[in-house]
Amino acid sequence: MPPEDPTKDRTEKQDEVIAMHPAESGMQVGRALLHALHNAGISVLYQDRQMKTVWARNMSAPWASETADGKDLLSPAQAERIRAVKLKVIESGNADQLELSIPGSQGVRWFQLWIDADCGDTGEVLGVVTTMVDTTEQKRREQTLKTLLREVSHRSKNLLAIIQSIATQTGRYTETLGDFLARFRGRLQSLASSQDLVTSSNWRGAALQELVSGQVGRYSADLARSLRFAGDNPYLNPNAALHIGLAMHELAVNSVSYGALSRPDGHVEVSARLEPESGTSPSLLLTWTEAVGDAPRNEKRFGSVALERVVPMSLNGSATLQIGKNRMEYRLTVPHGNFETD
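Residues numbered from 1 in each chain as written. Predicted model: local features only at pLDDT ≥ 70, side-chain atom pairs only at ≥ 80, totals over all residues. Heavy atoms only, no water.

Q: Is there a simple way to think about unusual backbone geometry in this case?
A: Note: most peptide bonds trans; most residues except glycine with negative phi. Of note in the backbone geometry, N58 takes a positive phi value of approximately 55° without being a glycine. Its location among the elements puts N58 in the loop between β2 (53-57) and α3 (76-92). Here N316, not a glycine, exhibits a phi torsion of approximately 55°, which is positive. Residue placement: N316 occurs in the loop between α9 (302-314) and β11 (318-323). (Helix = DSSP H or I, 4+ residues; strand = E, 2+ residues; numbered from the N terminus.)

As C-alpha cells, then:
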C-alpha cells in the first residue's frame, strides 16, 4: 500500500474553509473591478456591431458624453479616426490600438486606446471592446526625461570644451610633463568642485559665496580666517559658476605660492557688488584683493591668461589684474545674463 500523502488532509481542510466563505457574486466582482478601473485611470466601452453602446464603465472625461464615444470632446478628425479603427476590428476580428493627444483646459492629455473584438463561441464578432488608459503623466515624464537628456548632452559638451581649453593652455605655459600634470590635475579638481555645486542644484548653478568658499577652502585649513567675503551673493548660472570657479582657483593657487595665503596669518578679501547701469540690468563687480610677496610679474602664465582673457571672454565680461609692490587686485565685471538676483 503506498504511503499516504501528508499534505492531503491539510489541503482538504483548506478547501473546506474556502467553501465555508460566501461564493463570489457578480455584484462583488463588478464593484471590485470598478474600483480597479478608477484607480488605474482606465475607461471601458462595449459596443455592438452597429456601434451602439451596450455598456460603459468609468467613463470620465473626455469619454463621458451622450454618445459615450467622446465626440463632444474630441475633434471630428479624432472621432472619425477612432470609429474607423473600430469598424476595421469588427470586420477583421483583429485587435488594434492607437494613441491620442487631446487639448484641454489644463494642457494636453494623452490616451492609449486598445480596441478588441468580442467574439462568440463560433468566432463571429459580436461587438467591440474599447479600453482607454490615461497616459498623460507617463508622457510628461518621458518628455521631461528627454529634455533632461538633451540638457545633459549640452552641458557635457560645454564641460568637455572647457577641459580641452584648460589642457591646451596648461600645456602651452608649462615646460615639463610633471609640471603639466600637477597643474592640470589641480585645475580639473577645481572644475569638479564647481561642477558638484551645479549638479547638486539640478543644473541651476551655484551661489557665488559658496563657490568662492569652496575654491579657497581647498587651500586653507581655516577658511574663516583666510577668506573675508563681503557684499552681494547672486546665484550664478552653470557656465558662470564653472568659469568663475576657475578664476578663484587660479587666484587661490597664486596666493598660496606668492601671496597672503602663503603666510600663517594671511587672508584674502573678496567683495561682490551689483552695479546698476542706466537702462539695463545690474552687472556684478567681483573683486579679489590681497597682500603679495615676490611674485613673478613679467612671465605670462596660464593663471594670468585665464584671469584676464579666458574667464571674462567666456562670460562676455571684462577683467583687470593689477599686481603692485605689496598688493594684488583682480576685478571681474560679469554681465547680468550670467546670474540671478532673486
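Q: When you look at helix α5 (residues 177-200) in this model, what are you seeing that I'm missing?
A: Because each turn of an α-helix spans 3.6 residues, side chains separated by three or four positions end up pointing in the same direction. Along its 24 residues, α5 runs 34 Å from first to last C-alpha, staying within 8% of the 34 Å computed at 1.5 Å per residue. Inspection of α5 places F180, F184, G186, R187, S190, L191, S194, Q195, L197 and V198 among the buried residues, and these make up the whole buried set. (Expected span 1.5 Å × (residues − 1). Buried < 20%, exposed > 50% of the residue type's maximum accessible area, 1.4 Å probe, protein only.)

Q: How do you make sense of the sheet that holds strand β6 (residues 206-207) when you look at a structure like this?
A: Consider a sheet: its strands pair through backbone hydrogen bonds, and that pairing is either parallel or antiparallel. Ordered in space as β6-β8-β13, the three strands form an open sheet in which the pairing is antiparallel. This sheet does not close on itself; its edge strands, each paired only once, are β6 and β13 (339-340). In this structure, β6 lies alongside strand β8 (residues 235-236), joined through two bridges in antiparallel fashion. Note on β8: the bridge partner recorded for A207 is Y235. (Pairing = 2+ DSSP bridges.)

Q: Would you take a moment to explain the nonpolar core for this structure?
A: What tends to happen in soluble globular proteins is that the nonpolar side chains get buried as a cluster. Ranked by size, the top nonpolar core spans 35 residues in total, and within it L208, L236, I244 and W288 carry the most contacts. Counting residues per element, the ones that place at least two in this core are α5, α6 (208-217), β7 (227-231), α8 (238-258), β9 (268-277), β10 (280-291), α9 and β12 (327-334). With seven residues, α8 is the largest single contributor of residues to this core. Here L208 is in contact with F229, D232, N233, P234, L236, I244, A272, L284 and L286, once residues within four sequence places are set aside. One finds L45, I90, I115 and M132 within the second-largest nonpolar core, a separate group that totals 18 residues. (Core = buried A, V, L, I, M, F, W, Y, C linked by side-chain atoms within 4.5 Å. Contact = heavy atoms within 4.5 Å.)

Q: Explanation requested: the pairing of β9 in the structure shown.
A: Working note: regular strand, side chains alternate between the two faces of the sheet. Examined bridge by bridge, β7 and β9 share five bridges and lie parallel to one another. Bridge assignment links A230 to a residue of β9, and that residue is S271. In this structure, β9 lies alongside β10, joined through eight bridges in antiparallel fashion. The residue bridging E277 from the neighbouring strand is T280, located in β10.

Q: Which parts of the structure should I look at to understand the packing of helix α4 (residues 136-172) against α8?
A: It is the contact of α4 with α8, at a shortest axis distance of 11 Å, that shows an interaxial angle of 20°. By the angle class used here, α4 and α8 are roughly parallel. Crossing of α4 over α8 shows right-handed handedness. The segment α4 lies against α8, with R155, L159, I162 and I166 engaging P238, L242, H243 and L246. For the contact of α4 with α8, a count of residues per class yields six nonpolar, one polar and one charged. (Axes fitted to C-alpha atoms, helices over the stretch in contact; angles between N-to-C directions. Parallel < 35°, antiparallel > 145°, perpendicular 65-115°, else oblique. Left-handed = near helix turned anticlockwise from the far one by under 90°. Nonpolar A, V, L, I, M, F, W, Y, C, P; charged D, E, K, R; others polar.)

Q: Can you help me understand the sheet that holds strand β1 (residues 42-48) in this one?
A: As summarised here, the arrangement of the five strands in space is β2-β1-β5-β4-β3, forming an open sheet in which the pairing is antiparallel. The open sheet has two edge strands with one neighbour each: β2 and β3 (96-102). Taking the axes of each pair of neighbouring strands and ignoring which way they run, one obtains an average angle of 20° across the sheet. Looking at chain direction, β3 and strand β4 (residues 109-119) are connected through seven bridges and run antiparallel. Bridging from a neighbouring strand, D96 pairs with I115 of β4. This element, α3, spans β1, β3, β4 and β5 (125-134) of the sheet and lies at about 170° to β3. Strand contacts of α4: β3, β4 and β5, with the helix running at about 130° to β4, the strand carrying the most contacts.

Q: Would you mind going over the environment of Q112 with me for this structure?
A: You can see Q112 is positioned in strand β4. Its relative accessible area of 14% is what places Q112 among the buried residues. The spacing of Q112 and D134 is 22 residues in sequence and 6.6 Å in space, taken between C-alpha atoms. A polar atom in the side chain of Q112 sits 3.0 Å from the side chain of Q97. (Polar contact = N/O pair within 3.5 Å; in protein donor to acceptor, adjacent residues only side chain to side chain.)

Q: Would you explain the pattern of salt bridges in this entry?
A: Proximity of charged atoms lets side chains of opposite charge pair with each other. Taken as a whole and assessed by the stated rule, the structure comprises eight salt bridges. A salt bridge links E99 to K139, with the shortest nitrogen-to-oxygen separation between them at 3.4 Å. Of the two residues, E99 is situated in strand β3 and K139 in helix α4; the sequence distance between them amounts to 40 residues. Residue E99 is classed as partly exposed on the basis of its relative accessible area, which comes to 31%. You can call K139 buried: its relative accessible area is 19%. Residue E275 is joined to R273 by a salt bridge in which the shortest nitrogen-to-oxygen separation is 2.5 Å. (Salt bridge = Lys/Arg side-chain N within 4 Å of Asp/Glu carboxyl O.)

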